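What follows is the residue order along each chain.
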Amino acid sequence: MRHTFGAAVAAAIVALSGPANATELRLLSSWDSSYTAVPNIVGVFVDSVAEASGGDTTITMTGPEAVPPFEQLQPVSLGVFDLLFTHGGYHSGETGISTAIDAIEGDPTKRRESGVWDWLDTYYQENHNLKLISIPTALTGYQILLRQPMVDGKLTGLKVRGTSVYHGLIEALGGAPVILPAGEMYAAAERGIVDGISWPAVGAIGFKLCEVTPNMVRPSFGAVSYLIFMNLDKFNALDEAEQKLLLSEGEKLELTTVDTFSQILADEDAQMIACGARVDEQSEEWAAAAQKAFADKAWSMAAEQSGAKAEEFHEFAREKGMTE
């Protein structure tokens, strides 16, 4: 009787504590859930990892309210958080390599087959104690949104919010770039502190930018390369099966993100227009010049920040036919 009672208590304790091999990971995100990429990229990843592991691997997410977006790389590198969902523009002050990723051919299969993915993985492991898990990329690219329609394809005299990845294009068009966190964009445009906002083509509706910057300059440019990193020490501490699971789900995410964002763009553009926005269509020549200015600045910033390593990456990507 006493043995039976003890066994029952022990079983109850095991049941309450969960599976013996359960892994709980903490993820830091550069955006909160109002940004389209959160539910449609990292949210998908979190759910797929839980499902593929049978619930043995779970991920809880913390947003920029915990750590500002421009300061998030180091806490994950040091292991304060296990995972990071971000974009290279948010840590361009720590490595120039991050600014160049969007200047590379965005097709996820080509990035892997060319060796670009592995080059980046090795770089972040050796220099930032981070393991690359996934580069989910929105081929829908970036756009500029303005309070007033663009004049002659230029931004002459205009102040335009944008992280470092946009600066080359803004300056090439005669504008002055202004760095602001995403949470301050709406108020800055509403008050006239900025005349425009550079932002991915997908995600503007979540910030209600149609209300303050209703002119959507198109075509879009670049490819939005989101990044999911894991603290390298934490990754190495996992067993091989769990490592493979995370990497496999990360690769699947890259493939599904392309189609997902193409559909989202169509839906969000319709919502933006219903909200009062309009498409400010530019010429094919403008589009080509915008793409070149964007890419050139990305590579020059990479070289300024990371020197020979950035040059090595540029040459590697060029040899593989993945950039100009």
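Please read these numbers as outputs of a predicted model, since none were measured by experiment.

Criteria and cut-off values
Residues numbered from 1 in each chain as written. Predicted model: local features only at pLDDT ≥ 70, side-chain atom pairs only at ≥ 80, totals over all residues. Heavy atoms only, no water. Helix = DSSP H or I, 4+ residues; strand = E, 2+ residues; numbered from the N terminus. Buried < 20%, exposed > 50% of the residue type's maximum accessible area, 1.4 Å probe, protein only. Contact = heavy atoms within 4.5 Å. Expected span 1.5 Å × (residues − 1). Bend = angle between axes of the 7 residues up to and from the residue. Pairing = 2+ DSSP bridges. Axes fitted to C-alpha atoms, helices over the stretch in contact; angles between N-to-C directions. Disulfide = S-S within 2.5 Å. Core = buried A, V, L, I, M, F, W, Y, C linked by side-chain atoms within 4.5 Å. Parallel < 35°, antiparallel > 145°, perpendicular 65-115°, else oblique. Left-handed = near helix turned anticlockwise from the far one by under 90°. Nonpolar A, V, L, I, M, F, W, Y, C, P; charged D, E, K, R; others polar.

Regarding its fold elements, the protein chain presents 11 helices and 12 strands. Judged by the C-alpha coordinates and their principal axes, the protein chain covers about 90 × 45 × 30 Å. Within the protein chain, the proportion of its 324 residues that are buried is 53%. In the protein chain, 78% of the contacts between residues at least 6 apart in sequence involve partners at least 24 apart.

Before going further, it helps to examine helix 2 (residues 37–52). Over its 16 residues, helix 2 runs 21 Å from end to end, which matches the ideal 22 Å to within 8%, given 1.5 Å per residue. At Gly 43, helix 2 is deflected by roughly 35 degrees, the largest bend along its length. Listed in full, the buried residues belonging to helix 2 are Ala 37, Val 38, Ile 41, Val 42, Gly 43, Phe 45, Val 46, Ser 48 and Val 49. Next to the buried residues of helix 2 lie strand 1 (23–29), strand 2 (57–62), strand 3 (83–87), strand 4 (130–134), strand 11 (224–231) and helix 10 (240–274). Remark: Gly 54 follows helix 2 within two positions and exhibits a positive phi of approximately 65 degrees.

As a further point, take helix 6 (residues 116–128). Between its terminal C-alpha atoms helix 6 stretches 18 Å, which fits the 18 Å expected from 13 residues at 1.5 Å a residue. Restricting attention to buried positions, one finds in helix 6 the residues Val 116, Trp 117, Trp 119, Leu 120, Asp 121, Tyr 123, Tyr 124 and His 128. Looking at the residues trailing helix 6, positive phi occurs at Asn 129, about 55 degrees.

Let's shift gears to the pairing of strand 4. With five of five residues buried, strand 4 lies mostly within the body of the structure. Pairing geometry for strand 4 and strand 11, over four bridges, is antiparallel. When the sheet's bridge partners are listed, Leu 130 is paired in strand 11 with Asn 231.

To continue, consider unusual backbone geometry. Negative phi is the rule for most residues except glycine; trans is the rule for most peptide bonds. Here the residue pair Arg 218 and Pro 219 is connected by a cis peptide bond, since its omega of 10 degrees sits within 30 degrees of zero. Looking at where Pro 219 falls in the secondary structure, it is placed in strand 10 (residues 215–221). The backbone of Asn 129 shows a phi angle near 55 degrees, a positive value even though the residue is not glycine. With respect to the helices and strands, the residue Asn 129 is situated in the loop between helix 6 and strand 4. If you check the backbone angles, Lys 208 has positive phi at about 55 degrees while not being a glycine.

Let us look at the sheet that holds strand 9 (residues 196–200). With mixed pairing, the six strands of this open sheet are ordered in space as 8-7-9-6-10-12. Here the strands that pair on one side only, and so sit at the sheet edges, are strand 8 (176–178) and strand 12 (278–281). This sheet shows a mean twist of 30 degrees between the axes of neighbouring strands, independent of strand direction. Packed on one face of the sheet, helix 10 meets strand 6 (142–146), strand 10 and strand 12 and runs near 160 degrees to strand 10. This element, helix 11 (residues 284–319), spans strand 6 and strand 10 of the sheet and lies at about 70 degrees to strand 10.

The subject of this paragraph is the state of the cysteines. For the coordinates displayed, the defined rule picks out one disulfide. The residue that forms a disulfide with Cys 210 is Cys 275, at a sulfur-sulfur distance of 2.1 Å. Classification of the bridge connecting Cys 210 and Cys 275 rests on its S-S torsion, roughly 75 degrees, and on that basis the disulfide is right-handed. Of the two residues, Cys 210 sits in the loop between strand 9 and strand 10 while Cys 275 sits in the loop between helix 10 and strand 12, which places them 65 residues apart along the sequence. Under the relative-accessibility criterion, Cys 210 is labelled buried at 4%.

Glancing now at the nonpolar core. Phe 85, Ile 144, Trp 199, Leu 209 and Tyr 226 are the most contacted members of the largest nonpolar core, which totals 66 residues. Membership of the second largest hydrophobic core comes to 30 residues, among which are Phe 81, Trp 119, Tyr 123 and Phe 313.

Contact pair helix 6 / helix 11: the axes reach a minimum separation of 11 Å and the direction vectors enclose 165 degrees. As judged from the angle between their axes, helix 6 and helix 11 are roughly antiparallel. Note on packing geometry: the crossing formed by helix 6 with helix 11 is right-handed. When helix 6 is examined against helix 11, the residues Val 116, Trp 119, Leu 120 and Tyr 123 are found in contact with a partner set consisting of Ser 306, Lys 309, Glu 312, Phe 313 and Phe 316. Split by residue class, the contact of helix 6 with helix 11 holds six nonpolar, one polar and two charged.

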